[in-house]
Amino acid sequence: AGLTEGGFDLAMAMFLFNYLTTNDMEDAIVQVYQALKPGGNFVFSVPHPSMIFCHDKGAVFRLNSEGEGYYSSRNKKILGQISTIDGTKLNIMCVHKTVGEGTTSRP
């Protein structure tokens, strides 16, 4: 059973787009739009395009992106780590997108 078309007032996607390529992100947005009632809202977060430069060894949040290019790494999965308050390191990943890819949409 799929989602009811036009059946939702609100959709939320926190960190979802960190894991999707640009094409997959666009497909997800279309699906959400179809599931929303007219006037419904979509609340989401996108990874900041400069995250690719967060690779300092001692940082709380870091990606294994040393030597990666801003444009040459688009849609590339980059692994990394984030530290919790108690210092535990958790593995993360991000699919890099440029600022233009996070602000444009298809018709």
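Residues numbered from 1 in each chain as written. Predicted model: local features only at pLDDT ≥ 70, side-chain atom pairs only at ≥ 80, totals over all residues. Heavy atoms only, no water.

*Asks:* Explanation requested: the overall build of the chain in the structure shown.
*Replies:* Along the backbone of the chain there are 1 helix and 5 strands. Listing each helix as α and each strand as β along the chain from the N terminus yields β-α-β-β-β-β. Projecting the C-alpha coordinates of the chain onto the three principal axes gives extents of approximately 45 × 35 × 25 Å. Per-residue burial over the chain gives 31% buried out of 107 residues. With an accessible surface of roughly 7,200 Å², the chain has 59% of that area assigned to carbon and sulfur atoms. Here the chain contributes 9 positive and 10 negative side-chain charges, whose respective centroids are spaced 5 Å apart. (Helix = DSSP H or I, 4+ residues; strand = E, 2+ residues; numbered from the N terminus. Buried < 20%, exposed > 50% of the residue type's maximum accessible area, 1.4 Å probe, protein only. Areas by Shrake-Rupley, 256 points an atom, 1.4 Å probe, with all protein chains shown as cover. Lys, Arg positive; Asp, Glu negative; His and termini not counted. Charge placed at Lys NZ, Arg CZ, Asp CG, Glu CD.)

*Asks:* Can you walk me through the pairing of strand β4 (residues 77-83) in this structure?
*Replies:* Across 3 bridges, strand β3 (residues 61-63) lies against β4 in antiparallel orientation. For phenylalanine 61, the partnering residue across the bridge sits in β4 and is isoleucine 82. In terms of strand pairing, β4 meets strand β5 (residues 89-95) through 7 bridges, oriented antiparallel. Residue lysine 77 lies in a different strand from β5, and its bridge partner there is valine 95. Turn length for the β4-β5 hairpin, with the two strands adjacent in sequence and antiparallel, is 5 residues, and the turn residue glycine 87 shows positive phi of about 95°. (Pairing = 2+ DSSP bridges.)

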